[in-house]
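One letter stands for each residue in the lines below.
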Amino acid sequence: MFTVETEGNHKKIVALDTNGEQEDIEVYIDRGGRVVIRQWTEDLQEYQVIFLSANQFWSLISITELEGKEGLFSIETDV
């Protein structure tokens, strides 16, 4: 389950763990194509943060389409 909201100049996507075992994952995508992924870490009492380009983000998303294939892949983005 996930939510999508527009906040200022970016989209906020929150992926919820329906089993309640992991903290929510927040994804922020701004109009310039920058992507920030963060997740709260209870043990450290802070967010763990990853900064990505749009191309890196969409490469990760496209992994689901590979269906077990191995190799070097590339994608084209318009961002």
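Please refer to the structure placed before this passage.
None of these values were measured; they are calculated from a predicted model.

Engineer: Looking at this model, I keep getting lost on the overall build of the protein. Mind explaining?
Structural biologist: Helix and strand counts for the protein stand at 1 helix and 5 strands. Mapped from its N terminus to its C terminus, the protein presents α and β elements in the order β-β-β-β-β-α. Based on the C-alpha atoms only, the size of the protein along its principal axes is roughly 35 × 35 × 25 Å. Sorting the 79 residues of the protein into buried and exposed places 18% on the buried side. Excluding contacts between residues fewer than 6 apart, the proportion of contacts in the protein whose partners are at least 24 apart in sequence is 5%. Per element, the accessible surface of the protein, about 6400 Å² overall, is 51% carbon and sulfur. When the 6 basic and 16 acidic side-chain charges of the protein are each reduced to a single mean position, those positions are 10 Å apart.

Engineer: I tried to follow the pairing of strand 1 (residues 2-7) on my own but got confused; where do I start?
Structural biologist: On any regular strand, side chains alternate: one points to one face of the sheet, the next to the other face. In this structure, strand 1 lies alongside strand 2 (residues 10-15), joined through 6 bridges in antiparallel fashion. Residue pairing for strand 2: F2 is matched across the bridge by A15. Here strand 1 folds back onto strand 2 in antiparallel fashion, the turn holding 2 residues, of which G8 has a positive phi close to 60°.

Engineer: What is the right way to look at the sheet that holds strand 4 (residues 35-41) in this model?
Structural biologist: The strands making up a sheet associate through hydrogen bonds between their backbones, and the pairing can be parallel or antiparallel. A sheet is described by the order of its strands in space; here 5 strands give the open sequence 1-2-3-4-5, paired in antiparallel fashion. The open sheet terminates on both sides in strands that have one partner only, identified here as strand 1 and strand 5 (46-52). When strand polarity is set aside, the average angle formed by the axes of neighbouring strands in this sheet is 20°. One ladder, built from 5 bridges, connects strand 3 (residues 25-30) with strand 4; its direction is antiparallel. Among the inter-strand pairings, Y28 is bridged to a residue of strand 4, identified as V36. Contacts between helix 1 (residues 54-62) and the sheet are confined to strand 3, strand 4 and strand 5, with strand 5 contributing the most and set at about 100° to the helix.

Engineer: Teacher, can you tell me more about the packing of aromatic side chains here?
Structural biologist: The geometry of an aromatic ring pair is captured by two quantities: the separation of the ring centres and the angle between the planes. Applying the stated criterion across every chain yields a total of 2 aromatic pairs. Taking the centre distance of 5.0 Å and the plane angle of 70° together, the rings of F57 and W58 count as edge-to-face. What makes F57 buried here is its relative accessible area of 8%. Over the ring of Y47 we find R38; its NZ or CZ atom is 3.7 Å from the centre of that ring.

What counts, and at which threshold
- Residues numbered from 1 in each chain as written.
- Predicted model: local features only at pLDDT ≥ 70, side-chain atom pairs only at ≥ 80, totals over all residues.
- Heavy atoms only, no water.
- Helix = DSSP H or I, 4+ residues; strand = E, 2+ residues; numbered from the N terminus.
- Buried < 20%, exposed > 50% of the residue type's maximum accessible area, 1.4 Å probe, protein only.
- Contact = heavy atoms within 4.5 Å.
- Areas by Shrake-Rupley, 256 points an atom, 1.4 Å probe, with all protein chains shown as cover.
- Lys, Arg positive; Asp, Glu negative; His and termini not counted.
- Charge placed at Lys NZ, Arg CZ, Asp CG, Glu CD.
- Pairing = 2+ DSSP bridges.
- Axes fitted to C-alpha atoms, helices over the stretch in contact; angles between N-to-C directions.
- Phe/Tyr/Trp six-rings, centres within 6.5 Å; stacked < 30°, edge-to-face > 60°.
- Lys NZ or Arg CZ within 6 Å of the ring centre and 35° of its normal.

Function-wise, these values are silent; they only describe arrangement.
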